[in-house]
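# Topology and contacts: notes
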Amino acid sequence: MSTLSIAGYGDQLTVNGIRIGDLSTADHETIEKEKGGRNYDPLKDVVISHVRNSCTLVCRKPDPEKILAFIEEDLLDGLSCYSAVNQGQLNQTIVDAVVHHLSKEKLPTVPRSIRHKYMAAFLLASTALTEMDRVIPKVTGVEASELMFKLARRWGYQVKGIPQGEAIIVGARGNFHGRSMTAVSLSDDPEAREGFGPFVPGIELVPFNDIVALETLFKQKSECIAAYLVEPIQGEAGVIVPDEDYWPKVAKLCKEYNILLALDEVQTGFGRTGAHFAHQLYGIKPDIMGCGKAAGGGILPVSFVAGRDEVIGVLTPGSEGSTFGGYPLASVVSVFSIKVLVEDKLAENAMLRGSQLLEHFNNLKSEFPDKIKEVRGKGLLTAFEMFDDPKLDGHKVSLGLLKQNVYAKETHHSTLRIAPSLTINAVQIDQIAGAIQKVIGNL
Ligand SMILES: Cc1ncc(COP(=O)(O)O)c(C=O)c1O
């Protein structure tokens, strides 16, 4: 092995003589391009250094005077790591719990093959929050959707009586459930699928928010359909909010045909849409649901599947598992992420600040009727879509916002999603809206 020396913390962190604090934004880009995979194309000339407060990132940019390796500026975070940081960056309650746990309680990691005392707390908190019978911890969001897929198939064979090997899982067009082979098999995004086949069989897609299409498929194939696995509001597709009566009708159809409703609440859960879980906005309850992202309070990756006894109960020892799913530190982090969600009333703030933001968007739509086509959102999962015109480029808007010290990222060509931490205040919402107004005005 070649020699390797690692020393220091933060900017002093030095790997083989290269000190992180000496790197320009261009140096970071060069190292990532030379040593990393090519599966991301981050914004140019900006590198996040640390956080200022719950909604503000400190970033490094090139020095216009070209004297220093970089300058630092504050960036108001309009994305909150795709809803992983609903509780706000470095939430004090969660940080205190982590520090206390590691320094005083002293139990970072043991496997699930031996009991640890924090699992009980995690299960009590997560079943109470979700109002579900049972919960299985995992690590990333995609593992939650993957596990829902497996649970639905096994339930289909063992409980519903689907002939072996013939189970069908129905998904929605435009979905996003992550990047595993199963999630990619469910996807209809050519970029996500290209070169990764053959895909997992037993999948059918219907248009999202089309109850007739769903009923037609259920009528044709209900004997073999185990579940409709779907996001309550499609996040990555550009915040696609279905008609108000869609979910009650879907829930009724699923019951009628004995098909599981498996909701992917990885992005919509944990207060994001103005309720603890988006399905609660529609007065329905899924049979199983997947949670992730903010389940770990922006501190650790934590995900889980919550569900009815009859469904989760199909798993037996040896049929599922995860080294880090529900390990002691993750259990503690998740318990305190739930505590903050509930006690700090994050869903209520999401509703309040989301209405404020949507009002701004609607005003912008009136001010720029030739530029903004549609405004969408629930709580603080919001987006505006521009008309299909090369001039109205979402990427250009995110670059413009960056100049205004606001971080937001386009989804697809012409849609901008704004989904800040649920701790955001009224002044910061006005700041985001003001920046968008300037940028759109200049397009
Ligand atoms: C609805 C949904 N499901 C699953 C995932 C995958 O989560 P992760 O990237 O943590 O695997 C995402 C990520 O954006 C998501 O939005």
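Residues numbered from 1 in each chain as written. Predicted model: local features only at pLDDT ≥ 70, side-chain atom pairs only at ≥ 80, totals over all residues.

### Topic: the overall build of the protein chain
Note the cut-off: Numbering of helices and strands runs from the N terminus, with a helix taken as a DSSP run of H or I at least four residues long and a strand as a DSSP run of E at least two residues long. Throughout, radius of gyration means the C-alpha value; the globule benchmark is 2.2 Å times the number of residues raised to the power 0.38. Throughout, a pair of residues is in contact if the C-beta atoms placed from their backbones lie within 7 Å.
In terms of regular secondary structure, the protein chain is built from 14 helices and 18 strands. Relative to a compact globule of 443 residues, whose C-alpha radius of gyration would be 22 Å, the protein chain shows 23 Å and is just as compact. With the principal axes as the frame, the protein chain shows a C-alpha extent of 70 × 60 × 45 Å. In the protein chain, the share of contacts with a sequence separation of at least 24, taken over all contacts with a separation of at least 6, comes to 71%.

### Details of the sheet that holds strand β6 (residues 71-77)
Put simply, the rule reads: Paired strands, in this sense, are two strands between which DSSP finds at least two bridges.
As summarised here, the arrangement of the four strands in space is β4-β5-β6-β16, forming an open sheet in which the pairing is mixed. Taken across any chain shown, the strands that pair with only one partner, and hence form the sheet edges, are β4 (47-53) and β16 (406-407).

### Notes on helix α12 (residues 346-367)
Where we set the bar: By this rule the span expected of a helix is its residue count minus one, scaled by 1.5 Å. For every residue, the other C-beta atoms within 10 Å of its own C-beta are counted; 20 or more classify it as buried, 12 or fewer as exposed, and values in between as partly exposed. C-beta atoms are placed from the backbone.
With 22 residues, α12 should cover 32 Å at 1.5 Å per step; its first-to-last C-alpha distance of 31 Å lies within 8% of that length. The set of residues buried in α12 consists of L346, A347, N349, A350, M351, R353, G354, L357, H360 and F361. The inward-facing, buried residues of α12 contact α11 (328-343), β14 (372-378), β15 (381-386), β18 (415-418) and α14 (426-441).

### Digging into the nonpolar core
Put simply, the rule is: A set of buried Ala, Val, Leu, Ile, Met, Phe, Trp, Tyr and Cys residues, joined to one another through C-beta atoms within 7 Å, is what we call a nonpolar core.
Residues M148, A152, A226, A227, Y228, L260 and A262 are the most contacted members of the largest nonpolar core, which totals 107 residues. It is α11 that provides the largest number of residues to this core, a total of nine residues. Residues contacting M148, with those up to four places away along its chain left out, are L229, A262, I288, G290 and V305.

### What to know about the site of the ligand
For clarity, the threshold we go by: We call a residue near a molecule or strand if the C-beta atom, set from the backbone, is within 6 Å of it. Side-chain classes are defined by residue name, with Ala, Val, Leu, Ile, Met, Phe, Trp, Tyr, Cys and Pro counting as nonpolar, Asp, Glu, Lys and Arg as charged, and the others, Gly among them, as polar.
Close to the ligand lie 15 residues; G141, V142, G178, V266 and Q267 are nearest. Top contributing element to the shell around the ligand by residue count: helix α5 (residues 141-160), with three residues. Counted by class, the shell around the ligand contains four nonpolar, eight polar and three charged residues.

### Describing the environment of P369
Mapped onto the secondary structure, P369 falls in the loop between α12 and β14. Exposure remark for P369: the 10 C-beta atoms within 10 Å place this residue in the exposed category. With 17 residues separating them along the chain, P369 and M386 place their C-alpha atoms 9.6 Å apart.

### Describing the domain arrangement of the protein chain
Under the convention used in this document: Each domain's extent is set by a domain assignment, obtained either automatically or from a database.
Along its sequence, the protein chain is organised into domain 1 (6-77), domain 2 (92-343) and domain 3 (346-441). Once you take the C-alpha centre of each, domain 1 and domain 3 turn out to be 26 Å apart. Residue-level contacts link ten residues of domain 1 with eleven residues of domain 3. The element contributing the most residues to the side of domain 1 that touches domain 3 is β6, with five residues.

### Some remarks on unusual backbone geometry
With omega at 0°, the peptide bond leading from G197 into P198 counts as cis. In this structure, N16 takes a positive phi of about 50° despite not being glycine. With respect to the helices and strands, the residue N16 is situated in the loop between β2 (14-15) and β3 (18-19). With 9 C-beta atoms packed within 10 Å, N16 lands in the exposed category. In this structure, N209 takes a positive phi of about 65° despite not being glycine.

### Side note on α11
Here α11 contains 16 residues, and its C-alpha end-to-end distance of 22 Å stays within 8% of the 22 Å for a straight helix at 1.5 Å per residue. Burial within α11 is extensive, with 13 of its 16 residues counted as buried. Backbone geometry just after α11 places K345 at a positive phi near 50°.

### What about the sheet that holds strand β17 (residues 409-411)?
Note the cut-off: Convention adopted: a line fitted to C-alpha atoms gives each axis, helices being fitted over their contacting stretch, and angles between N-to-C directions are expressed from 0 to 180 degrees.
The strand order across the open sheet built from four strands is β14-β15-β18-β17, with neighbouring strands paired in antiparallel fashion. Because the sheet does not close on itself, it has two edges, and the strands there are β14 and β17. Across the sheet, the mean angle from the axis of one strand to that of its neighbour is 30°, orientation sign disregarded. Of the pairings in the sheet, the one linking β17 to β18 comprises three bridges and is antiparallel in character. Within the sheet, the bridge partner assigned to T411 lies in β18 and is T415.

### With respect to the pairing of strand β5 (residues 56-61)
Inspection of the sheet shows β4 paired to β5 by five bridges, in the antiparallel sense. Its bridge partner lying in β5, N53 is registered against T56. By the bridge criterion, six bridges tie β5 to β6 in an arrangement that is antiparallel. Looking across to β6, one finds that L57 is bridged to L75.

### Considerations on the packing of helix α4 (residues 118-130) against α11
Definition in use: For any pair of crossing helices, the crossing counts as left-handed if the nearer helix is rotated counterclockwise from the farther one by less than a right angle, and right-handed if it is rotated clockwise.
Relative to each other, α4 and α11 sit at 35°, their axes nearing to 9 Å. Viewed along their axes, α4 and α11 form a crossing whose handedness is left-handed. Along its contact with α4, which presents Y118, M119, A121, F122, A125, S126 and L129, the element α11 presents P328, S331, V332, S334, V335 and I338. Partitioning the contact of α4 with α11 into residue classes produces ten nonpolar, three polar and no charged.

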